[in-house]
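# Survey of secondary and tertiary structure
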There are 2 protein chains.
Amino acid sequence: MTRGILLFAHGARDPRWAEPFREICLRVRSLQPTVAVDLCFLELMTPSLQQATTDLVVRGITHLTVVPLFMAQGGHLRQDLPVLIDSLRAQYPQLTIHVTTALGDSPELLGAIAQWVGVISAQSTT
Amino acid sequence: MTRGILLFAHGARDPRWAEPFREICLRVRSLQPTVAVDLCFLELMTPSLQQATTDLVVRGITHLTVVPLFMAQGGHLRQDLPVLIDSLRAQYPQLTIHVTTALGDSPELLGAIAQWVGVISAQSTT
């Protein structure tokens, strides 16, 4: 196994906040059994992106894809994440690192969310 | 038109951050042409939930569903939002207000996100 995916979430004080992200991580692992898949956080939760990357490098991963589980691109993805990625590239020059777009850049996911809004709001009034 | 949906997002300093939420709002309007659908924010962007609710009440909405466009339930949804909703209920006792679960509470959306992670991470390595 040489490919890794790090799901990158914001983090929060309430530990229950991480539950949907842990569920996504389990589902991606199940869909991609030949890829090392882990979850990491920008702040308030661990592991950090730095720690999670180190763990994958130790496990022999040479190609890393960072997938931001953020709804939209604001300062965290446009400013904070590039700084973290630059630091990782300096620390692990042999590691290939790709960063994907965010959830809200996917027309398919926006469509799925809009459908969900319709269903959940209809349920709430019955 | 007496039913309204308010899509409730966090807000950010970067105006581009709101774009996916505006797109979801347009899509929900298209899917639900008989419902008044608007977007509002917890902080850093306008309108606030309070202002958006007032606008809907002025337009004659009597049944409001608030749909949090948050990935997961942390302090903003467990603590901040209930305070805002209590305040709205006191201000508009004639308005029925429902609050739905968050995106990450939907197994279907978690599955769609996991599928998207697989597609987007495969694209990033080709």
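Okay, so let's go over this structure. Just so it is clear, the model here is predicted, and its values are computed rather than measured. Think of each chain on its own: its residues are numbered from 1, step by step along the sequence as written. Numbering of ligands from 1 and lettering of chains from A proceed in the order in which they are written. In keeping with the model being predicted, local features are shown solely for residues with a pLDDT of at least 70 and side-chain atom pairs are shown and tallied solely at 80 or more, while totals for entire chains, interfaces and linings include all residues. Calculation of side-chain values draws on the structure's entire complement of heavy atoms; hydrogens and water are dropped beforehand.

Attention now goes to the relation of the copies chain A and chain B. Superposition of chain A onto chain B requires a rotation of 180° combined with a translation of 0.0 Å along the rotation axis, giving an RMSD of 0.0 Å. The transformation just described matches what one would write down for a two-fold rotation axis. Note on contacts: a residue pair qualifies if any of its non-hydrogen atoms lie within 4.5 Å across the two residues. Comparing interface residues between copies, 100% of those in chain A also lie at the interface in chain B; the contact surface is shared. The superposition of copies rests on a least-squares fit of C-alpha positions from residues with pLDDT of 70 or more in both.

All names here are of chain A. Only protein chains enter the accessibility calculation, which uses a 1.4 Å probe; a residue is then buried when its area is under 20% of its type maximum, exposed when over 50%, and partly exposed in between. Secondary structure elements are taken from DSSP: a helix is a run of H or I of four residues or more, a strand is a run of E of two residues or more, and numbering for both begins at the N terminus. A large share of strand 2 (residues 36–41) lies buried, amounting to six of its six residues. Residues Ala36, Asp38 and Cys40 of strand 2 are buried on one face, and the alternating residues Val37, Leu39 and Phe41, pointing to the opposite face, are buried as well. Here is how to tell: hold the view so the strands point away, follow the path from the first strand over the helix to the second, and if it runs clockwise the crossover is right-handed. At this point the chain moves from strand 1 (residues 3–9), through helix 1 (residues 19–31), to the parallel strand 2, and the crossover so formed is right-handed.

Buried Ala, Val, Leu, Ile, Met, Phe, Trp, Tyr and Cys residues form a nonpolar core when they are joined through side-chain atoms within 4.5 Å. Formed by 54 residues in total, the largest nonpolar core has its most connected members in Leu7 and Leu69 of chain A together with Leu7 and Leu69 of chain B. At the level of secondary structure, the elements contributing two or more residues to this core comprise strand 1, helix 1, strand 2 and helix 4 (107–124) of chain A together with strand 1 (3–9), helix 1 (19–31), strand 2 (36–41) and helix 4 (107–124) of chain B. Excluding residues that lie within four positions of it along the chain, Leu7 of chain B makes contacts with Val117 of chain A together with Ile24, Cys25, Val28, Val37, Asp38, Leu39, Cys40, Val67 and Leu69 of chain B.

Residue and element names in this part refer to chain A. Fitted lines through C-alpha atoms give the axes, limited to the stretch in contact for helices. The angle between two N-to-C directions lies from 0 to 180 degrees. Axis separation between helix 2 (residues 49–58) and helix 3 (residues 75–91) bottoms out at 10 Å; the angle between their running directions is 35°. As helix 2 runs across helix 3, the sense of the crossing is right-handed. Where helix 2 approaches helix 3, its residues Leu49, Gln50, Thr53 and Thr54 are matched on the opposing element by Leu81, Leu84, Ile85, Leu88 and Gln91. Following the grouping adopted for this structure description, the nonpolar residues are Ala, Val, Leu, Ile, Met, Phe, Trp, Tyr, Cys and Pro, the charged ones are Asp, Glu, Lys and Arg, and the polar ones are all others, Gly among them. Broken down by class, the residue content of the contact of helix 2 with helix 3 amounts to five nonpolar, four polar and no charged. Left-handed describes a crossing in which the near helix is turned anticlockwise from the far one by less than a right angle; the clockwise case is right-handed.

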